[in-house]
Amino acid sequence: MTEYFTITRTLRAPRELVFEAITLPEHFAVWFGTAAVEVPQESLTMDVRPGGAFRAVMVLPDGNRIDWAGEYKVVEPPSHLAMTLTDQPGDDAGLPVLFDLEEVDGGTQLTIRQDRSDFSDEQVAATIAGYNAFVDDIERVLESLQTA
């Protein structure tokens, strides 16, 4: 049985806008990796449909890069997105990552779940911290979209 770890946050934005923030390349490049990391727009492939490919490059502050790949498995706008994600393209099919968006008073509850796989407790904690930083930047993207 698959064991997932989960983060849940409430965002002050309509669910359709949150879904756009996580699926449109121009927004994704802003939050994926946080503001400390560059994700060049030209490195992104986001074919957001079942069976569609995902690719991105993170350029770290020290100049190193991380190549990411995955496949979209389920796309149900604006409520659900399921994909695989790996930082070992070619060697690893990736772990399931699920995004659920639920309308709640004042906005959207975003729940992100990822397969724990063989992660140590320390790796799970670091990944959860990373996802929380991603969501902080998603909030900034949403604020800019709503004030534009």
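See the structure shown above.
Computed from a prediction, not measured in an experiment: that's the story for all the values here. Every chain is numbered independently, its residues counted from 1 as its sequence is written. At least 70 in pLDDT is required for a residue's local features to be given in this predicted model, at least 80 for side-chain atom pairs to be given and counted, and no such filter applies to totals for whole chains, interfaces and linings, which use all residues. The basis for the side-chain values is all heavy atoms of the structure; hydrogens and waters are excluded.

A. Layout of the overall build of the protein. Labels follow the DSSP assignment, with helices taken as runs of H or I lasting at least four residues and strands as runs of E lasting at least two, numbered in each case from the N terminus. Within the protein, the secondary structure is distributed over three helices and seven strands. Going residue by residue from the N terminus, the α and β elements of the protein occur as β-α-α-β-β-β-β-β-β-α. Counting only residues that meet the buried cut, the protein has 45% of its 148 residues in that class. We call two residues contacting when some pair of their heavy atoms lies within 4.5 Å. Within the protein, residue pairs in contact and separated by at least 24 positions form 46% of the contacts whose partners lie at least 6 positions apart. All accessible areas in this document rest on Shrake-Rupley with a 1.4 Å probe, and a residue is counted as covered only by the protein chains that are shown. Surface accessibility of the protein: about 7,800 Å² in total, with carbon and sulfur atoms responsible for 49%. Between the averaged position of the 10 positive side-chain charges in the protein and that of its 26 negative side-chain charges there is a distance of 2 Å. The buried label applies to any residue whose accessible area, calculated with a 1.4 Å probe on protein chains only, is under 20% of its type's maximum; exposed applies above 50%, and partly exposed to all values in between. Neither His nor the chain ends contribute to the count of charged residues, in which Lys and Arg are positive and Asp and Glu negative. Where a charge sits is defined by one atom per residue type, namely NZ (Lys), CZ (Arg), CG (Asp) or CD (Glu).

B. Geometry of empty space enclosed by the protein. Only protein atoms enter the calculation, which uses a 1 Å grid: trapped sets of points that fit a 1.4 Å probe without letting it out are cavities, open sets showing protein on both sides within 12 Å along at least five of seven lines are pockets, and any residue with an atom within 4 Å of a point is a lining residue. Grid points are joined across faces, edges and corners, and a volume is the space filled by probe spheres set on the points. Counted under the stated rule, the structure contains one cavity of 30 Å³ or more. Volume-wise, the largest cavity comes out at about 70 Å³. Phe 28, Trp 31, Phe 32, Phe 54, Met 83, Leu 85, Val 97, Phe 99, Tyr 131 and Phe 134 are the residues that line the largest cavity. Counting only elements with at least two residues in the lining of the largest cavity, the list comes to helix 2 (25-31), strand 5 (80-85), strand 6 (95-104) and helix 3 (121-147). As a working rule, the residues Ala, Val, Leu, Ile, Met, Phe, Trp, Tyr, Cys and Pro are called nonpolar, Asp, Glu, Lys and Arg charged, and the rest polar, with Gly in that last group. Broken down by class, the residue content of the lining of the largest cavity amounts to ten nonpolar, no polar and no charged.

C. Local environment of the packing of helix 1 (residues 15-23) against helix 3. Helix axes are fitted only over the stretch in contact, all axes being lines through C-alpha atoms; the angle between N-to-C directions runs from 0 to 180 degrees. Interaxial distance between helix 1 and helix 3 falls to 10 Å at its minimum, and their mutual angle equals 120°. Taken together, the axes of helix 1 and helix 3 lie oblique to each other. Regarding helix 1 and helix 3, the two cross each other, and that crossing is right-handed. Between helix 1, through Leu 17, Val 18, Ala 21 and Ile 22, and helix 3, the contact on the second element is made entirely by Ile 138, Val 141, Leu 142, Leu 145 and Gln 146. Classifying every residue of the contact of helix 1 with helix 3 by side-chain character gives eight nonpolar, one polar and no charged. Each angle gets one of four labels, with under 35 degrees taken as roughly parallel, over 145 as roughly antiparallel, 65 to 115 as roughly perpendicular, and the rest as oblique. Each crossing gets its handedness from the near helix: less than a right angle anticlockwise from the far helix is left-handed, clockwise is right-handed.

D. Quick look at the sheet that holds strand 2 (residues 45-46). Two strands qualify as a pair provided that DSSP identifies no fewer than 2 bridges between them. Strand order in this open sheet of seven strands is 1-7-6-5-4-3-2, and the pairing throughout is antiparallel. Two strands bound the open sheet, and with one partner strand each, they are strand 1 (4-11) and strand 2. Against the sheet, helix 1 engages strand 1, strand 2, strand 4 (65-76), strand 5, strand 6 and strand 7 (107-115), with an angle of about 155° to strand 6. Against the sheet, helix 3 contacts strand 1, strand 3 (53-59), strand 5, strand 6 and strand 7, and its axis sits at roughly 20° relative to strand 1.

E. Geometry of the pairing of strand 5. Counting buried residues in strand 5 gives six out of six residues, a clear majority hidden from the surface. Taking every second residue as pointing to the same face, both faces of strand 5 are buried, with His 80, Ala 82 and Thr 84 on one and Leu 81, Met 83 and Leu 85 on the other. Bridge count for strand 4 against strand 5 is four bridges, and the pairing is antiparallel. Of the residues in strand 5, the one forming a bridge with Val 74 is Ala 82. With antiparallel pairing between neighbouring strands as the criterion, strand 4 and strand 5 make up a hairpin whose turn holds three residues. Bridge count for strand 5 against strand 6 is six bridges, and the pairing is antiparallel. When the bridges of strand 6 are listed, Met 83 appears paired with Val 97.

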